[in-house]
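Listed here are the chains, written in short residue letters.
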Amino acid sequence: MRIDFITGSDAIARSFDLMSRLRPRLSREAYLDAVPRLMADSGYRLVGLEDDGLRALAGIRIGEWLHSGRYLEVEELVTAEVARSRGYGGALLAWIADHARGQGCRQLRLVSGVQRIDAHRFYERAGMAWEAKYFSMDLG
C-alpha cells in the first residue's frame, strides 16, 4: 500500500474513474480541466492510495479562518466499491491528518452531504465530530 499526492496529467486522468463514483455529474473533460486549475489557483491537491490499483482518493485543500486558524479541508474522499471495509479509507484519512499536522494545521475538516449516513458513521469512527451546520444558497 502506498499513499502519495497525485500529480501530472496522466495520473490525474487515471483518477477520474474513482472520483466519478463520488461526483457522477462531473464529466471527464470538466474534471481534467478543473483539477489542474484548482491546484494552481487554490492549492487543491489529490491524494491517492494505491494497492494494486487506485483504491482510495481524496481532494484536499489547506485554508485559514480568522477565528480558528489553519485547517485542512477534505473536499472529496472516496474508496473504490470493491475495496470498501478493508481499511483503505481509514489509512488515507490518517495520512491526510498527519500531513495536516505537518503543515501546521490545527484542525481537519470535512463537509458531507446529509444523505450520506454510512459515510458519517465512518467519519465518526475515525474520530471526527459533528460541530456545525453547513448552509448554502444557489445563486444562479
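Reading the values: rules and limits
- Residues numbered from 1 in each chain as written.
- Predicted model: local features only at pLDDT ≥ 70, side-chain atom pairs only at ≥ 80, totals over all residues.
- Heavy atoms only, no water.
- Helix = DSSP H or I, 4+ residues; strand = E, 2+ residues; numbered from the N terminus.
- Expected span 1.5 Å × (residues − 1).
- Buried < 20%, exposed > 50% of the residue type's maximum accessible area, 1.4 Å probe, protein only.
- Salt bridge = Lys/Arg side-chain N within 4 Å of Asp/Glu carboxyl O.
- Axes fitted to C-alpha atoms, helices over the stretch in contact; angles between N-to-C directions.
- Left-handed = near helix turned anticlockwise from the far one by under 90°.
- Contact = heavy atoms within 4.5 Å.
- Nonpolar A, V, L, I, M, F, W, Y, C, P; charged D, E, K, R; others polar.
- Pairing = 2+ DSSP bridges.

**Student:** Quick question: what am I supposed to make of helix α3 (residues 88–102) here?
**Tutor:** Turn by turn, an α-helix covers 3.6 residues, leaving residues three or four places apart pointing in a common direction. For α3, with 15 residues, the first-to-last C-alpha span of 21 Å sits near the 21 Å given by 1.5 Å per residue. Looking at α3, one finds that the buried residues are Tyr 88, Gly 89, Leu 92, Leu 93, Ile 96, Ala 97, His 99 and Ala 100. The first or second residue beyond α3 is Gly 104, which carries a positive phi of 80°.

**Student:** So what exactly am I meant to see when it comes to the pattern of salt bridges here?
**Tutor:** Opposite charge on two side chains makes pairing possible when the charged atoms of those side chains draw close. Considering all chains together, one arrives at five salt bridges under this definition. The partner of Arg 37 in a salt bridge is Asp 33, with the nearest N and O atoms 3.8 Å apart. Separated by four residues within a single helix, Arg 37 and Asp 33 lie in helix α2 (residues 28–42), roughly one turn from each other. For Arg 37, a relative accessible area of 41% corresponds to the partly exposed category.

**Student:** Help me out: how do you make sense of the packing of helix α1 (residues 9–22) against α2 in this one?
**Tutor:** The relative placement of two packed helices comes down to the angle between their axes together with the axis-to-axis distance. One can describe the packing of α1 onto α2 by two numbers: an axis separation of 10 Å at closest approach and a directional angle of 115°. Crossing of α1 against α2: the hand is right-handed. Across the interface between the two elements, Ile 12, Ala 13, Ser 15, Phe 16, Asp 17 and Met 19 from α1 touch Arg 28, Tyr 31, Leu 32, Val 35, Pro 36 and Met 39 from α2. Grouping the amino acids of the contact of α1 with α2 by side-chain chemistry returns nine nonpolar, one polar and two charged.

**Student:** I would appreciate a short explanation of the sheet that holds strand β3 (residues 54–65) in the present structure.
**Tutor:** Two modes of strand pairing occur in sheets, parallel and antiparallel, and in both the strands are linked by backbone hydrogen bonds. An order of β1-β2-β3-β4-β5 is seen for the five strands of this open sheet, with the pairing classed as mixed. The open sheet is flanked by β1 (2–6) and β5 (107–110), the only strands paired with a single partner. The average angle at which neighbouring strand axes cross in this sheet is 30°, direction not considered. Pairing geometry for β1 and strand β2 (residues 45–50), over five bridges, is antiparallel. Along β2, the bridge assignment pairs Phe 5 with Val 47. Of the strands in this sheet, β1, β2, β3 and β4 (69–79) touch α1, which is tilted by about 80° from β4.

All quantities given are derived from atomic positions and should not be read as evidence of function.
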